[in-house]
Amino acid sequence: MDLDILTHTSGEWLRATGPDSDIVMSSRIRLARNLAEFPFPSRASDSVRSEVERLLRGEIAKSPAGKKLQYLQIDALETLDRQFLVERQLISRELSENHGQRGVGISPEENVSLMVNEEDHLRMQVLRSGFALDDCWRDIDAIDDAIESAVTYAFSEQLGYLTACPTNVGTGIRVSVLLHLPGLVMTKEIQKVFQALQKIGLAVRGLYGEGSQAMGDFYQISNQATLGKSEEQIIKTIKDVVPNILAYERKVRSTLVQENRQNLHDQVSRALGNLKHARQISSEETMHLLSSVRMGINLGLIHDLEIPTLNELFIHTQPAHLQKLRHERMETAERNAARADYIRQRLTVPPSAN
Amino acid sequence: MRVLLRERRTGMKKCGRCSKPAMLHITEIRHGEVQALHLCESCAKEYLNESEAGGPPSDEDLSSAEGAEAPESGESEDDDESPVCPHCGISFKEFRKQGRLGCPHDYTAFHDELMPLLENIHGETQHVGKVPKRAPKASQHQFRLIRLRNRLKAAVDEEMYEEAARLRDEIQNLEAEAGSPGAASQ
């Protein structure tokens, strides 16, 4: 796969088309699986790693469940390309930074990614734009079945699918939704949401998962426990709670508009102004401003801009994307200037018909 | 369980540990208590290192289970007592240190040590989810029963008694089937 082709699109999770996509950016389900009789990647020798890779790469090549996948050998990619895939959420930071033979199978729509030799031998994930967990589950369950028909997974009657970290054992499932919650952040109500989620065993993380910063008011909500509940029960827990958070965010937004329309309008317009006219801008500030503008569009305070354009900016202004778009390597200061240029151009030229 | 959220922005706030301007704004939720911290770059680094140590996601779950034995660690004779997996050679102590197991057999080799840990992390110790289709018929059967009993419990909890009655019948049928000679020979 030529990674440069991907630079022209923004990928599944930023397509902004699914249900409730004004707040739910994307839905994702991942499954962790290991092959029986092989040590886990962190303890495997180079020869074992390559044997596992060869085996799973063979299964990926067979288009499991009819999913045509392109295989990328991660250890053969440059740092910039690996970073690029991390920014697109096609691979994890762990896979990018690991060592030894490892790879990923990616579908052309960028909604399926099967990682080989990550923390576990196989980490499969299916992604959908908007709130669409059932679709994710249907697809990933079928892919899992197809691969399982050819290999023997490490599985125990008592503990289910065996994983390198005991926190994933059982179903090996991580169900998550990526939410954009600027209203709850602005009103500081977000902490109540975190506490409520924690009480029902759900975790809140930043945009790029574990340990990442809560950039641009994006939060990932996912299950913690993986053992003792069925996949359907775990999915249901998230499916049941998300509508409450959406209602809360919408309520807070409409209160903000009613009580403070002028302030809010001022804030989102200034954010847009800064984006349109800045001459140098960091990716964090960009995220922060784009988040404001995104809310402005959703509240009808900003009219001359569309969500897909904005989503494209979210991804294209990140460091590796920017460098790939420019076909050159840049230091932070150069990137900040190039980023400002890119945003200015994208926001002042009317969007092309698409 | 702990949740850490970090946000980077410059503002008027001063670092809570020294007098430099605060750059990182950390929201920490630990056991339901919310704490907001405003720290400068270097204090934040120190703080995050202290509290995260770069470990796996649920470090705190792992370490809280570890707490009970912690005072004894560090003595060299413990190494001999720490069980070792005969397949991959990892000791339980090594697993503790890195948070990752060595191979699937560790779950058997360290069964007694892992169970309290799993109970602590998941609150349960019996899998009720998906089963590989290639699993032997007998265990497929066993799993259907486990899943049904799990659903029955949920139905009773949610006071869905019609559903519960239906599930109870299904379980009884399945149990009868398992007891019949025909099913056993499979």
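Rules and cut-offs
- What you see as residue numbers is a count from 1 along each chain, following the sequence as written.
- Each chain gets a letter, beginning with A, and each ligand a number, beginning with 1, in the order they are written.
- Where local features are concerned, this predicted model is filtered to residues with pLDDT of at least 70; where side-chain atom pairs are given and counted, the filter is 80 or more; whole-chain, interface and lining totals use all residues.
- Per the convention used, a helix needs a DSSP run of H or I reaching at least four residues, while a strand needs a run of E reaching at least two, with both numbered from the N terminus.
- Neighbour counting defines burial: a residue surrounded by 20 or more other C-beta atoms within 10 Å of its own C-beta is buried, one with 12 or fewer is exposed, and intermediate counts give partly exposed, using backbone-placed C-beta atoms.
- What counts as a contact is two residues whose backbone-derived C-beta atoms lie within 7 Å of each other.
- Using C-alpha atoms as the atom set, the radius of gyration is obtained and then compared with a globule rule of 2.2 Å times the number of residues to the power 0.38.
- Here, expected helix span is obtained from the residue count minus one, scaled by 1.5 Å.
- Comment: arc refers to directions from the helix axis out to C-beta atoms.
- pLDDT expresses how confident the predictor is about each individual residue, on a scale running from 0 to 100.
- Between any two strands, pairing holds if DSSP finds at least two bridges.
- Axes here mean lines fitted to C-alpha atoms, for a helix over just the part in contact, with angles spanning 0 to 180 degrees between N-to-C directions.
- By definition in this entry, angles of less than 35 degrees are roughly parallel, angles greater than 145 are roughly antiparallel, angles of 65 to 115 are roughly perpendicular, and the rest are oblique.
- Should the near helix be turned anticlockwise from the far one by less than a right angle, the crossing is termed left-handed; should it be turned clockwise, right-handed.
- Each residue gets one label: Ala, Val, Leu, Ile, Met, Phe, Trp, Tyr, Cys and Pro are nonpolar, Asp, Glu, Lys and Arg are charged, and the others, such as Gly, are polar.

Some remarks on the overall build of chain B
Moving on, step 1. If you tally the helices and strands in chain B, you get nine helices and three strands.
Moving on, step 2. Starting at the N terminus and walking to the C terminus, you meet the elements of chain B as β-β-β-α-α-α-α-α-α-α-α-α.
Moving on, step 3. Residues classed as buried in chain B amount to 20% of the 186 residues present.
Moving on, step 4. Long-range pairs, those at least 24 residues apart, make up 28% of the contacts in chain B with a sequence separation of at least 6.

Some remarks on the overall build of chain A
Moving on, step 1. Helix and strand counts for chain A stand at 12 helices and 10 strands.
Moving on, step 2. Expected size for 354 residues packed as a compact globule is a radius of gyration near 20 Å; at 21 Å, chain A falls within 12% of this value.
Moving on, step 3. Contacts spanning at least 24 positions in sequence make up 69% of the contacts within chain A whose residues lie at least 6 apart.

Digging into helix α6 (residues 111-122) of chain B
Residue and element names in this part refer to chain B.
Moving on, step 1. Given a rise of 1.5 Å per residue, 12 residues ought to cover 16 Å, and the 15 Å separating the end C-alpha atoms of α6 matches this to within 8%.
Moving on, step 2. Taken together, the buried positions of α6 are occupied by Leu114, Leu117, Leu118, Ile121 and His122. Relative to the axis of α6, the buried residues are bounded by an arc of 105° and lie together on one face. Facing away from the buried side of α6, by more than 90 degrees, are the exposed residues Asp112 and Pro116.

Observations regarding the confidence of the model for chain B
Residue and element names in this part refer to chain B.
Moving on, step 1. Looking at chain B as a whole, its pLDDT mean stands at 72, while 60% of the residues score no less than 70.
Moving on, step 2. Within chain B, helix α9 (residues 181-184) has the poorest average pLDDT of any element, 42, and helix α5 (residues 106-109) the best, 96.
Moving on, step 3. Residue range residues 52-78 is modelled with pLDDT below 50. Its contacts to residues more than four positions away, or to other chains, number 27 contacts.
Moving on, step 4. Interface scoring of the predicted complex returns ipTM 0.86; its pTM is 0.78.

Brief notes about the pairing of strand β9 (residues 202-205) of chain A
For a regular strand, side chains alternate in direction, first toward one face of the sheet and then toward the other.
Residues and elements named next belong to chain A.
Moving on, step 1. Along β9, one buried face is formed by Leu202 and Val204 and the opposite face, lined by Ala203 and Arg205, is buried too.
Moving on, step 2. As defined by bridge partners, β9 adjoins strand β10 (residues 218-223) across four bridges and the pair is classed as antiparallel. Counterpart to Leu202 in the pairing with β10 is Asn223.

Comments concerning the pairing of strand β4 (residues 112-116) of chain A
Residues and elements named next belong to chain A.
Moving on, step 1. Burial within β4 is extensive, with five of its five residues counted as buried.
Moving on, step 2. Judged by which residues are buried, β4 turns out to be covered on both faces: Val112, Leu114 and Val116 on one side and Ser113 and Met115 on the other are all buried.
Moving on, step 3. Between strand β3 (residues 103-106) and β4, which pair antiparallel and follow one another directly, the connecting turn spans five residues, one of which, Glu110, has a positive phi of 65°.
Moving on, step 4. Across five bridges, β4 lies against strand β5 (residues 122-129) in antiparallel orientation. Bridging from a neighbouring strand, Val116 pairs with Leu122 of β5.
Moving on, step 5. Linking two consecutive strands that pair antiparallel, namely β4 and β5, is a turn of five residues; a positive phi of about 60° is found at Asn117 within it.

Points about the packing of helix α3 (residues 79-87) of chain A against helix α11 (residues 319-326) of chain A
Residue and element names in this part refer to chain A.
Moving on, step 1. Where α3 meets α11, the closest approach of the two axes is 8 Å, and the angle between their N-to-C directions is 120°. Accordingly, the angle class assigned to the pair α3 and α11 is oblique. Where α3 crosses over α11, the two elements pack in a sense that is left-handed. Touching Leu80, Gln83, Phe84 and Glu87 of α3 are Pro319, Ala320, His321, Gln323 and Lys324, all from α11.
Moving on, step 2. Taken together, the residues of the contact of α3 with α11 sort by class into four nonpolar, three polar and two charged.

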